[in-house]
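Structure at a glance
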Amino acid sequence: MLFLSENSHAFVALGVLLGLVIGSFLNVVIHRLPKLLERQWHAECAGLQGQPAPESARYNLLTPGSACPHCDHKIGALENIPILSYLWLRGKCSACGTRISVRYPLVEALSAGLTGYAALRFGFGWTALAVMCFVWAMIVLAIIDLDTFFLPDSITLPLIWAGLLTHVFQLFPHVSLAAAVIGAVAGYVCLWSVFWLFKFATGKDGMGYGDFKLLAAIGAWLGWTALPLVILLSSMVGAFVGIALIVLRRQGRDTPIPFGPYLVIAGLIALFWGPTITAKYLDSF
């Protein structure tokens, strides 16, 4: 069901524009957050060894300004317009000509599309804004996990609490606070159990603890009833991609594959179309 009003088209357009702008910032978070965490770990290790923390220039999500990683050319405002700047520059740095990864405009386009759809699907209000924040966090988690095989606690843990708070304020009337709490606990325990069963059977770690927390966050947002669909879809997508990569000989059977992106894909499908998929499945019986 789409919640449309006379101003829906304007709100959707605003959502797309907002998604483009936020998508540009998501690229910064994806690039810088792992580096920030690595610096923090080095500082903590130095402290435990009684050594002074290594000195480094100020570096966070806002400073220094964006620059080409190859020639350090400072990216101006006209070179930082989502998608359009990439097309205008033909995917290359204006100073040194080094190719810019196509992932940057893809993240911006994905953010714009999902944000616009959230505006269309939920209409103007706090629910749509909450869904947009959830979507943005999921995009960041998926790509960081692809890059680093790591799901930062600095995103997954706040995402769990934010999901529970949405139900405190009843932003999702079809999901109760009790269902959200059970979903968070069940999501964590489910993958935690799989982890230990796999470890006892093979002696290897099948997944990371970040996956437990990500599924807990999805359960906190969508409730426990969404978890079977999320687990099924993520497993199917993961198996399909894994088999495809093996067939194409891009990686061997023992090469690890991050599971977070598949949980993200399944979580977003469940967010937007979960009740419809479940209803059609039950009607088939």
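Reading the values: rules and limits
- Numbering of residues begins from 1 in every chain and follows the order in which that chain's sequence is written.
- Only residues with pLDDT of at least 70 get local features here, since the model is predicted, and only at 80 or more are side-chain atom pairs given and counted; chain-wide, interface and lining totals rely on the full set of residues.
- Here the side-chain values reflect all heavy atoms present in the structure, with hydrogen atoms and water set aside.
- Working definition: helices are DSSP H or I runs of at least four residues, strands are E runs of at least two. Numbering for both runs from the N terminus.
- Note on method: radius of gyration uses C-alpha positions; expected globular size equals 2.2 Å times residues raised to 0.38.
- With a 1.4 Å probe rolled over the protein chains alone, any residue whose accessible area is under 20% of its type maximum counts as buried; one over 50% counts as exposed, and the rest are partly exposed.
- Note on contacts: a residue pair is in contact if any heavy atoms of the two residues lie within 4.5 Å.
- All accessibility values rest on the Shrake-Rupley procedure with a 1.4 Å probe; residue burial counts only the protein chains present in the view.
- Within a predicted model, pLDDT stands for the predictor's per-residue confidence, ranging from 0 to 100.
- Two rings from Phe, Tyr or Trp (for Trp, the six-membered ring) form a pair when their centres sit within 6.5 Å of each other. Planes less than 30 degrees apart are called stacked, planes more than 60 degrees apart edge-to-face, and all others tilted.
- The criterion is that NZ of a Lys, or CZ of an Arg, lies within 6 Å of the ring centre and within 35 degrees of the ring normal, and then a charge sits over that ring.
- Candidate patch residues must exceed 30% relative accessible area and have no salt bridge, after which like charges are joined if within 9 Å and Val, Leu, Ile, Met, Phe, Trp or Tyr side chains if within 5 Å.
- Take a side-chain nitrogen of Lys or Arg and a carboxyl oxygen of Asp or Glu: if they are within 4 Å of each other, that pair is a salt bridge.
- To estimate how far a helix should reach, multiply one less than its number of residues by 1.5 Å.

Before going further, it helps to spend a moment on the overall build of the protein. Within the protein, the secondary structure is distributed over 9 helices and 0 strands. The order of α-helices and β-strands along the protein, N terminus first, is α-α-α-α-α-α-α-α-α. A globule of 285 residues ought to have a C-alpha radius of gyration of about 19 Å, and the protein, at 21 Å, matches this closely. Seen through its C-alpha atoms, the protein measures out along the principal axes to roughly 60 × 60 × 45 Å. Burial status across the protein gives 40% buried among its 285 residues. Within the protein, residue pairs in contact and separated by at least 24 positions form 70% of the contacts whose partners lie at least 6 positions apart. Total accessible area computed for the protein in this model is approximately 16,700 Å², and 68% of it derives from carbon and sulfur atoms.

Even without being glycine, Ile-83 reaches a positive phi, approximately 65°. Tracing the backbone through its elements, the reader meets Ile-83 in the loop between helix H1 (8–48) and helix H2 (84–88). Assessed through its relative accessible area of 25%, Ile-83 is described here as partly exposed. Positive phi, close to 55°, is recorded for Gln-170, a residue that is not glycine. Relative to the helices and strands, Gln-170 is located in the loop between helix H5 (153–168) and helix H6 (177–202). Accessibility expressed as a relative area gives 64% for Gln-170, which makes it exposed.

Turning our eyes to something else, we now look at the confidence of the model for the protein. Residues of the protein with pLDDT of at least 70 account for 92%, and the chain-wide mean is 86. With pLDDT under 50 throughout, residues 1–6 is counted as low confidence; its partners more than four residues away or in other chains account for 8 contacts.

With the rule as written, the count across this model stands at 15 aromatic pairs. Their ring planes at 80° and their centres at 6.3 Å tell us that Phe-172 and Trp-221 sit as a pair that is edge-to-face. Note that Phe-172 is positioned in the loop between H5 and H6 and Trp-221 in helix H7 (residues 209–222), a separation of 49 residues in sequence. When the ring centre of Phe-122 is taken as reference, the NZ or CZ atom of Arg-121 above it lies at 5.1 Å.

With that settled, consider a nonpolar patch on the surface. A cluster of nonpolar side chains, Leu-165, Val-168, Phe-169, Leu-177, Val-181, Val-185, Val-189, Trp-192 and Tyr-209, forms an exposed patch at the surface whose accessible area comes to about 820 Å². At the level of secondary structure, the elements contributing two or more residues to the nonpolar patch comprise H5 and H6. Within the secondary structure, Val-189 sits in helix H6.

What follows concerns helix H4 (residues 126–148). Over its 23 residues, H4 extends 33 Å from the first C-alpha to the last, a length consistent with the 33 Å expected when each residue adds 1.5 Å. The buried fraction of H4 amounts to 17 of the 23 residues, a majority that puts the element mostly inside the structure. Phe-149 lies just past H4 and shows a positive phi near 60°.

What follows concerns the environment of Ile-144. Here Ile-144 shows up in helix H4. Along the backbone, Ile-144 and His-9 are 135 residues apart, and their C-alpha atoms lie at a distance of 33 Å. The residues touching Ile-144, leaving out its near neighbours within four places in the chain, are Val-29, Ile-30, Leu-33, Pro-34, Phe-149, Phe-150 and Pro-152.

If you walk through the whole model with that rule in mind, you get 2 salt bridges. The shortest N-O distance in the salt bridge between Arg-103 and Asp-147 comes to 2.8 Å. Here the residue Arg-103 occupies a position in helix H3 (residues 103–122), and Asp-147 occupies one in helix H4, the gap between them amounting to 44 residues. By relative accessible area, which is 30% here, Arg-103 ends up partly exposed.

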